[in-house]
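Residues per chain are reported as follows:
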Amino acid sequence: MPEIRRLPENLVNRIAAGEVVERPSSALKEVVENAIDAGANRIAIKLVDGGLTSFEVTDDGCGMSPEEMALALERHATSKLPNEAIEQVATLGFRGEALPSIASVARFTLESRPHGAEQGWKRVVDHGEIRDEGPAALPPGTRVRIENLFGKIPARRKFLRTPRSEYAACKDVVQRLAMARPDIAITLDHGDRRIFGLQAGEGLANRVAQLVARELKDNGVAIDLERGAMRLTGIAGLPTYNRGIADHQYLFVNGRPVKDRLLTGAVRGAYADMLARDRHAVLALFLELPCEDVDVNVHPAKSEVRFRDAQGVRGFIVSGLRQALATGDKRSAQSPDAGAMARWQQEPVREEPAAALRSMFSGRDWSAPQQRVAEASAAWRGVEANVMAQPQGRAEEAAPVTQATDEYPLGIARGQVANTYIVAEAKDGLVLVDQHAAHERLVLERLREAGAEEAVARSQALLIPEVVELDETSCDRLEEAAPKLAEHGLAIERFGPSAMLVRSLPHAIARTDPEKLLRDIDDDLALNGEALLLGEKLDLVLATMACHGSVRAGRVLRVDEMNSLLREMERTPRSGQCNHGRPTWVKLSMEDVEKLFGRH
């Protein structure tokens, strides 16, 4: 029989390192979190080869005495739990495993000097063994250098990726932590190159825009909402400002960067009827709630959390996002694409000859011999129809407008291009409207107001209820979601331990395969914690109805019809994007127009 024995300390630390330290970025995360918890105002990070060779973190926090440094390198020793109330923890790190775990799998140099101390102290640990200890010269604060991660553990070292991949992971970690603390100045260097230098106190919106994309500030809406003890702040990109992957969604709970399926599902639910399924919103959300209402100790790296009232949190995020987007939903990602602007053609300028050459050849005809008049006219008649064809743009005299143009955000219609795009003049520029996409959104909102959403979700009973066999876990998930699914017209009930009985389907998708539908909904529940798929299918039916009932591209509109469409867009929620998340209008500012003509 195998003998049970207590593991040696160095092996225990290496096992703990396997939970906390997967790659350079995870070690970097722990060290930067310690710097933030130490009350630092400035943090400087330097990477070499993406952290594979080494990385260094320097802060001006409270610092540590030599005795505290020795204690910090012991397992489960921390200053972040003053009592045993672990559910009240408010710091980023608190488990007390990070430093000894990292020191057991790398060469770890810790230098620190408390404020008011005459000198600092240094302690060097190489893969669990103390190599050096003594005085060190450094300003008040702490400096941590980690070199040769997994250098003596080739089984772990060989699974690290290329320097470029590890650098990308390290940069992502620093970006997320920097977003959460705009009050701290943070610099990141990779080799000899400065990646970014962020100043303290620049504001949340500015900090997020600098780290994600500068255009997010102009194409997003600010969020600041409260409900009871919960508060939601941040910036959410307009539906028209979206990406093909969800990597640009930054979520924080009590200042802690997290990747939580409930939060990502809530974001998807909030944007459900404004984005195509394969597009993702760009945003940074900061959720604050009492410490006792969230468990941050469910994952060794603290990247996942668990909420006491998960559905209440989800509802708050969905309603908060929708409320914020309602304030900017008539906007579009207004700036025209830079590539499209570059393709504007300018009239070519004929270069004049130099003054000396002009005087030398003046008065002489050096052109090639021309065809006779009869031949030229015959050639002209052959292409006359093409050259003199009717232009696709059309303008007619508009009816007198009683109000000034500046009272209308989308301006006054001046014409139509290609029978598809409305050209309007606003106070601050030129507005182009996609008439079909815009009217499609207007019709969809009318259908919703008229109760079409309820009609589409009306239940249609099956003549013979269908039994769908699934595994027991899937049945548990579907049974829990059954009341919510019933609101969309899908009536299901438990039929034994590993089967569900489908009694009715939504009227709009009554011909769908019940088994395939239930399996898809179960996958959605497992991924997002919420059955979003069924609602999206019904939204697709409504969108199709709106598409067929809207003004088609190619239809000639009168000026009064164009103005009527513009005015309704100004009154209608979410009119800035079509049902697929594309913009319904773009604006070319007067500054852009002047640039095209070289006036600026």
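Residues numbered from 1 in each chain as written. Predicted model: local features only at pLDDT ≥ 70, side-chain atom pairs only at ≥ 80, totals over all residues. Heavy atoms only, no water.

Chemist: Just checking my understanding: could you explain the overall build of the chain for this structure?
Modeler: When helices and strands are counted, the chain shows 19 helices and 25 strands. The burial tally for the chain puts 45% of its 600 residues in the buried class. In the chain, 68% of the contacts between residues at least 6 apart in sequence involve partners at least 24 apart. Accessible surface, the chain: about 32,000 Å² in total, of which carbon and sulfur atoms supply 51%. (Helix = DSSP H or I, 4+ residues; strand = E, 2+ residues; numbered from the N terminus. Buried < 20%, exposed > 50% of the residue type's maximum accessible area, 1.4 Å probe, protein only. Contact = heavy atoms within 4.5 Å. Areas by Shrake-Rupley, 256 points an atom, 1.4 Å probe, with all protein chains shown as cover.)

Chemist: What am I meant to see in the packing of aromatic side chains here?
Modeler: Centre-to-centre distance and the angle between the planes together describe a pair of aromatic rings. As enumerated under the stated definition, the model contains one aromatic pair in all. On the basis of an interplanar angle of 10 degrees and a centroid distance of 4.5 Å, the ring pair of Phe252 and Phe286 is categorised as stacked. Placement of Phe252 in strand β12 (residues 249-253) and of Phe286 in strand β15 (residues 283-288) is noted, with a sequence separation of 34 residues between them. On the basis of relative accessibility, which here comes to 1%, the residue Phe252 falls in the buried class. Take Phe286: its relative accessible area is 7%, and that puts it in the buried class. The ring of Tyr408 has Arg567 lying over it, and the distance from NZ or CZ to the ring centre is 3.7 Å. (Phe/Tyr/Trp six-rings, centres within 6.5 Å; stacked < 30°, edge-to-face > 60°. Lys NZ or Arg CZ within 6 Å of the ring centre and 35° of its normal.)

Chemist: Would you take a moment to explain helix α13 (residues 435-449) for this structure?
Modeler: An α-helix turns once every 3.6 residues. As a result, residues three or four positions apart point the same way. The end-to-end C-alpha distance of α13, which contains 15 residues, comes to 21 Å, matching closely the 21 Å that a straight helix rising 1.5 Å per residue would cover. Where α13 starts, the residue carrying a side-chain oxygen 3.2 Å from the main-chain nitrogen of His436 turns out to be Asp434. (Expected span 1.5 Å × (residues − 1). Polar contact = N/O pair within 3.5 Å; in protein donor to acceptor, adjacent residues only side chain to side chain.)

Chemist: Which parts of the structure should I look at to understand the side chain of Glu570?
Modeler: Within the fold, Glu570 resides in helix α18 (residues 559-571). For Glu570, a relative accessible area of 18% translates into the label buried. A distance of 3.0 Å separates the side chain of Glu570 from the side chain of Arg567, its partner in a polar contact.

Chemist: Quick question: what am I supposed to make of the sheet that holds strand β2 (residues 54-59) here?
Modeler: Strand pairing in a sheet takes place through backbone hydrogen bonds and is either antiparallel or parallel in direction. On the basis of which strands lie adjacent, the open sheet formed by eight strands has the order β5-β4-β3-β6-β2-β1-β7-β8 and mixed pairing. Of all the strands in the sheet, the pair left with one neighbour each is β5 (129-136) and β8 (193-198). The average undirected angle you get between the axes of adjacent strands in this sheet is 10 degrees. By the bridge criterion, six bridges tie strand β1 (residues 42-48) to strand β7 (residues 185-190) in an arrangement that is parallel. What sits directly across from Ala44, in β7, is Thr187. Packed onto the sheet, helix α2 (residues 24-37) meets β1, β2 and β6 (141-147) and runs at close to 10 degrees relative to β2. (Pairing = 2+ DSSP bridges. Axes fitted to C-alpha atoms, helices over the stretch in contact; angles between N-to-C directions.)

Chemist: Please explain α2 as it appears in this structure.
Modeler: With 14 residues, α2 extends 20 Å between its outermost C-alpha atoms, agreeing within 8% with the 20 Å of an ideal straight helix rising 1.5 Å per residue. Among all positions in α2, only Pro24, Ser25, Ser26, Ala27, Leu28, Lys29, Glu30, Val31, Val32, Glu33, Ala35 and Ile36 are buried. Looking one or two residues past α2, Gly39 carries a phi angle of roughly 80 degrees, positive in sign.

Chemist: What exactly am I supposed to notice about unusual backbone geometry here?
Modeler: Excluding glycine, residues mostly have negative phi values, and the peptide bonds linking residues are mostly trans. In this structure, Asp49 takes a positive phi of about 55 degrees despite not being glycine. Mapped onto the fold, Asp49 is located in the loop between β1 and β2. Unusually for a residue other than glycine, His127 sits at a positive phi of about 50 degrees. Locating His127 in the fold gives a position in the loop between β4 (120-126) and β5. Take His127: its relative accessible area is 13%, and that puts it in the buried class.

Chemist: I keep staring at the packing of α13 against α18 and nothing clicks. Help me out?
Modeler: Axis angle and axis distance: for two packed helices, these are the angle between their axes and the distance between the axes, and together they describe the pair. With their axes 10 Å apart at the nearest point, α13 and α18 run at an angle of 50 degrees to one another. Judged on the interaxial angle alone, α18 and α13 are oblique. Between α13 and α18 lies a crossing of left-handed hand. Where α13 abuts α18, its residues Gln435, Ala438, His439, Leu442 and Arg446 lie against Leu565, Glu568 and Met569. Here the residues of the contact of α13 with α18 are counted per class, giving four nonpolar, two polar and two charged. (Parallel < 35°, antiparallel > 145°, perpendicular 65-115°, else oblique. Left-handed = near helix turned anticlockwise from the far one by under 90°. Nonpolar A, V, L, I, M, F, W, Y, C, P; charged D, E, K, R; others polar.)

Chemist: Help me understand the packing of α2 against helix α6 (residues 163-180), please; the structure alone is not making it clear to me.
Modeler: Where α2 meets α6, the closest approach of the two axes is 9 Å, and the angle between their N-to-C directions is 25 degrees. Taken together, the axes of α2 and α6 lie roughly parallel to each other. Both α2 and α6 take part in a crossing whose hand is right-handed. For the pair α2 and α6, contact is made by Pro24, Ser25, Leu28, Lys29, Val32, Glu33 and Ile36 and by Glu166, Ala169, Cys170, Val173, Val174 and Leu177, respectively. The class makeup of the residues in the contact of α2 with α6 is nine nonpolar, one polar and three charged.

Chemist: So what exactly am I meant to see when it comes to the pattern of salt bridges here?
Modeler: Pairing is possible between side chains of opposite charge, provided their charged atoms come close. This structure, assessed with the given rule, holds 33 salt bridges. Notably, a salt bridge pairs Arg494 with Asp476, separated by 2.8 Å at the nearest N-O pair. Taken together, the residues span a long stretch of sequence, with Arg494 in strand β23 (residues 491-494) and Asp476 in helix α15 (residues 472-487) at a distance of 18 residues. On the basis of relative accessibility, which here comes to 39%, the residue Asp476 falls in the partly exposed class. Its salt-bridge partner being Glu561, residue Arg558 comes within 3.5 Å of it at the nearest N-O pair. Taken together, the shared-partner salt bridges in this structure form one network comprising Arg107, Asp126, Glu129, Arg131, Glu147 and Lys152. (Salt bridge = Lys/Arg side-chain N within 4 Å of Asp/Glu carboxyl O.)

Chemist: Looking at this model, I keep getting lost on the pairing of β7. Mind explaining?
Modeler: The two faces of the sheet receive side chains in turn, since in a regular strand these alternate between them. For β7, the tally of buried residues reaches six of six residues, placing the bulk of the element in the interior. A two-sided burial pattern is seen for β7, the buried positions comprising Ala185, Thr187 and Asp189 on one face and Ile186, Leu188 and His190 on the other. In the sheet, β7 pairs with β8 via five bridges, with the strands oriented antiparallel. Of the residues in β8, the one forming a bridge with Leu188 is Phe196. Here β7 hands over to β8 after two residues, with Gly191 in that stretch at a positive phi of 65 degrees.

Chemist: What should I look at first to understand the sheet that holds β15 in this one?
Modeler: Taken in spatial order, the five strands of this open sheet run β9-β10-β15-β12-β13, and their pairing is mixed. Of all strands in the sheet, those bounded by a partner on one side alone are β9 (220-227) and β13 (256-258). Along the sheet, successive strands turn relative to each other by an average axial angle of 20 degrees, direction set aside. Where β9 and strand β10 (residues 230-237) come together, eight bridges link them in antiparallel fashion.

Chemist: Looking at this structure, how should I read the environment of Ser564?
Modeler: Structurally, Ser564 is set in helix α18. Residue Ser564 is classed as partly exposed on the basis of its relative accessible area, which comes to 45%. Sequence separation between Ser564 and Ile412 is 152 residues; the distance between their C-alpha atoms is 9.9 Å.

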